[in-house]
Amino acid sequence: MDNRDAVSAFLRSRRDKITPEQAGLPTYGQRRVPGLRRGEVATLAGVSVEYYTRLERGNLQGVSDSVLDTLAHALRLDDTERMYLYDLARAAGPAPQTRAPRRESRPTVRPSVARIVDGMPELPAYVMNNRLDALAANPLGRALYSEMYADPTCGANVVRFAFFNSAARRFYTDWERMARFAVGALRIEAGKNPYDRELSNLIGELSTRSDAFRVMWGSHDVHVFRESTKRLNHPLVGELELDQETLSLPDESGLSVVVYSAPPRTAAEDGLKLLASWSATTGQEQDAQSTSNPPPRQA
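Since the model is a prediction, treat every value here as computed from it, not as a measurement.

Caption draft 1: Looking closely at the overall build of the chain. On a plain count of helices and strands, the chain comes out with 15 helices and five strands. Per-residue burial for the chain yields a buried fraction of 46% across its 299 residues. For the chain, the proportion of contacts with a sequence separation of at least 24, taken over those separated by at least 6, is 57%. Total accessible area on the chain is roughly 16,300 Å²; 50% of this is exposed by carbon and sulfur atoms.

Below, the structure is given as C-alpha cells:
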C-alpha cells in the first residue's frame, strides 16, 4: 500500500481547475482537457514534461522542497493545499516497518486537558482527535451535540453524524459547507498518515454508506479546522451563531480542543445560557435517578 493514487488524483484535480488564461498562457484551437495540460504545468514549474509526468503518476519520493515549491506555485495551491502536498511527499518514503514509530492511534485525553474543558461551564467544548472523534466533552458541549450523542451509530464522530444522521442537515444551517470542511480535514489526515488503519476504515465506511461523502471525497479538496463561525439550529434552543476556535495541543497526540462562544448581548448568548440551564437540570435529574435506584450490591 502507498499513496501514489492520492498524489496522482490530487495533482490532476488541481491542474483541471486552472485555465490557461488564469495561468497567463496562450490558447490555440480546441482543448480536450478542462484545465492545463501536463506540458503547460511542466513549463510553469520549470521542469521537463517527463519529470512532471512522473510526479503526476504519483511518485513524489525524493522530490526536493524547491521542486515542491515551484509545483505549488504553478498549480496555484493555497497554504492548506501546499501543506497537503508536502505531507504527501513526506508520506511517499519507505514502508511503515522501516519508519520511526508513529503516535498511538488512540491517544488518551490527559486529566489536565479534561479539567480545562470541564472548567469552561459557560462554553461548549470538547476534545477532538484527527479522525474528528469527540473524545471528551463538557456538559454544555454534550448538550449542544445532544443529537449526535443520542445516536449510538455515530460513535461520537462528527463526520458520521454529518453524513449518517438526517438530523444533521437541520442542525448545521449550512450543512454542505460544514460537510465539505469535515471531508477536507479527513483528506489532510489521510495525506499525513496513509497507513492509519482506523482512519482508512472510517473513510471506507463513509464512502460505502454515503453517496454525498463519496462525491466530496472525490473532489480532493483539503481543509484545516481553525477559527470559523458556525450557524446551528438546535432542537431545544433554536438558531445559534457561534464562533468556533480549534486549539491544537502542543504535543504529538494530534488532539485539539474545540470551543464555541457567542458574542456578548446576542441571541446566541441567551441560547447558550438556556442550553446550560437545561443541561444542568438534566444532569441533576440523572443524578437523582441514579441515587434513588442504586446498582444491586454484589453478593
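Caption draft 2: Fine view of the packing of helix α12 (residues 175-192) against helix α14 (residues 211-218). The contact between α12 and α14 brings their axes to 10 Å, and the two run at 60 degrees. Relative to α14, α12 is oriented oblique. Every pair of crossing elements has a handedness; the one defined by α12 and α14 is right-handed. Mapping the contact onto sequence places Trp175, Glu176, Ala179, Arg180, Val183, Leu186, Arg187 and Ala190 in α12 and Ala212, Phe213, Met216 and Trp217 in α14.

Caption draft 3: Looking closely at the nonpolar core. By size, the foremost hydrophobic cluster in this structure holds 47 residues, and its most contacted members are Tyr126, Leu144, Phe163, Tyr172, Leu186, Phe213 and Leu242. Examining the composition of this core, we find that eight residues originate from one element, α12, more than from any other. Aside from chain neighbours lying at most four places away, what touches phenylalanine 213 is Val159, Phe163, Val183, Leu186, Ile203, Leu206 and Ser207.

Caption draft 4: Spotlight on the side chain of glutamine 244. Secondary-structure assignment places glutamine 244 in strand β4 (residues 238-248). Here threonine 246 takes part through its side chain, which lies 3.1 Å from a polar atom of the side chain of glutamine 244.

Caption draft 5: Up close: the sheet that holds strand β1 (residues 125-128). Pairing in this open sheet of five strands is antiparallel, and the strands run β2-β1-β5-β4-β3 from one edge to the other. Every other strand in the sheet has two partners, leaving β2 (134-137) and β3 (228-234) as the edge strands with one partner each. Each strand axis lies, on average, 30 degrees off the axis of its neighbour in the sheet, ignoring direction. Of the strand pairs in this sheet, β1 and strand β5 (residues 256-261) are connected by four bridges, and their pairing is antiparallel. If you follow tyrosine 126 over to β5, its bridge partner there is valine 258. Those strands touched by helix α7 (residues 111-118) are β1, β2 and β5, and its axis lies near 150 degrees from that of β1.

Caption draft 6: Seen up close, the pairing of β4. Direction of pairing for β3 relative to β4: antiparallel, over a ladder of seven bridges. Pairing of threonine 229 across the sheet is with aspartate 243, part of β4. Hairpin geometry of β3 and β4 is characterised by an intervening segment of three residues between the two adjacent antiparallel strands.

Caption draft 7: Local environment of the pattern of salt bridges. Applying the stated criterion to the full structure yields 19 salt bridges. The salt bridge partner of glutamate 56 is arginine 38, with a shortest N-O separation of 3.1 Å. Remark: arginine 38 occurs in helix α3 (residues 38-45) and glutamate 56 occurs in helix α4 (residues 49-56); sequence separation between them is 18 residues. Relative accessible area serves as the criterion here: at 30%, arginine 38 is assigned to the partly exposed category. Notably, a salt bridge pairs glutamate 198 with arginine 131, separated by 3.5 Å at the nearest N-O pair. Of this pair, glutamate 198 sits in helix α13 (residues 197-209) while arginine 131 sits in the loop between β1 and β2; the two residues are 67 residues apart in sequence, bridging distant segments of the chain. Residue classification places arginine 131 among the buried residues on the basis of a relative accessible area of 3%.

Caption draft 8: View of the layout of surface pockets. Counted as a void, the largest pocket has a volume near 580 Å³. Residue lining of the largest pocket: 24 residues in total, with Glu189, Lys192, Ser248, Gly254 and Ser256 positioned closest to the centre. Within the residue set of the lining of the largest pocket, elements represented by two or more residues are α12 and β4. Ranked by residue count, the leading element in the lining of the largest pocket is α12, at four residues. Residue composition of the lining of the largest pocket, grouped by class: nine nonpolar, eight polar and seven charged. Of the volumes computed, that of the second largest pocket is approximately 320 Å³. Lining the second largest pocket are 19 residues, and of these Asn3, Ala6, Arg187, Ala190 and Trp217 lie nearest its centre. Counting only elements with at least two residues in the lining of the second largest pocket, the list comes to α1 (4-16), α6 (79-91), α12 and α13. Looking at the lining of the second largest pocket, its residues break down into ten nonpolar, five polar and four charged.

Calculation rules
In this numbering scheme, every chain counts its residues from 1 along its sequence in written order. At least 70 in pLDDT is required for a residue's local features to be given in this predicted model, at least 80 for side-chain atom pairs to be given and counted, and no such filter applies to totals for whole chains, interfaces and linings, which use all residues. Each side-chain value is derived from all of the structure's non-hydrogen atoms; neither hydrogens nor water enter the calculation. Runs of E in the DSSP output that reach at least two residues are strands. Runs of H or I that reach at least four are helices, and both are numbered from the N terminus. Only protein chains enter the accessibility calculation, which uses a 1.4 Å probe; a residue is then buried when its area is under 20% of its type maximum, exposed when over 50%, and partly exposed in between. Here, two residues are considered to be in contact whenever any of their heavy atoms come within 4.5 Å of each other. In these tables, accessible area is a Shrake-Rupley quantity obtained with a 1.4 Å probe, and a residue counts as shielded only by the protein chains included in the view. All axes are obtained by fitting lines to C-alpha atoms, using only the stretch in contact for helices, and the reported angles, taken between N-to-C directions, cover 0 to 180 degrees. Each angle is binned into one of four classes, with values under 35 degrees roughly parallel, values over 145 roughly antiparallel, values of 65 to 115 roughly perpendicular, and all other values oblique. Less than a right angle of anticlockwise turn of the near helix away from the far helix marks a crossing as left-handed, whereas a clockwise turn marks it as right-handed. Remark: nonpolar core denotes a set of buried residues (Ala, Val, Leu, Ile, Met, Phe, Trp, Tyr, Cys) joined through side-chain atoms within 4.5 Å. Under this definition, polar contacts are N or O atom pairs within 3.5 Å; protein pairs additionally need one hydrogen-donor-capable and one acceptor-capable atom, and for neighbouring residues in sequence, both atoms have to be side-chain atoms. We call two strands paired when DSSP finds no fewer than two bridges between them. Salt-bridge detection follows one rule: a side-chain nitrogen of Lys or Arg within 4 Å of a carboxyl oxygen of Asp or Glu. Cavities and pockets were defined on a 1 Å grid built from protein atoms only: a cavity is a group of points that admits a 1.4 Å probe but offers it no way out, a pocket is an open group of points flanked by protein on both sides within 12 Å along at least five of seven lines, and a lining residue is one with an atom within 4 Å of any such point. Grid points are joined across faces, edges and corners, and a volume is the space filled by probe spheres set on the points. Charged means Asp, Glu, Lys or Arg here, nonpolar means Ala, Val, Leu, Ile, Met, Phe, Trp, Tyr, Cys or Pro, and polar covers whatever is left, Gly included.

Everything listed here is a matter of geometry and, on its own, says nothing about what the molecule does.
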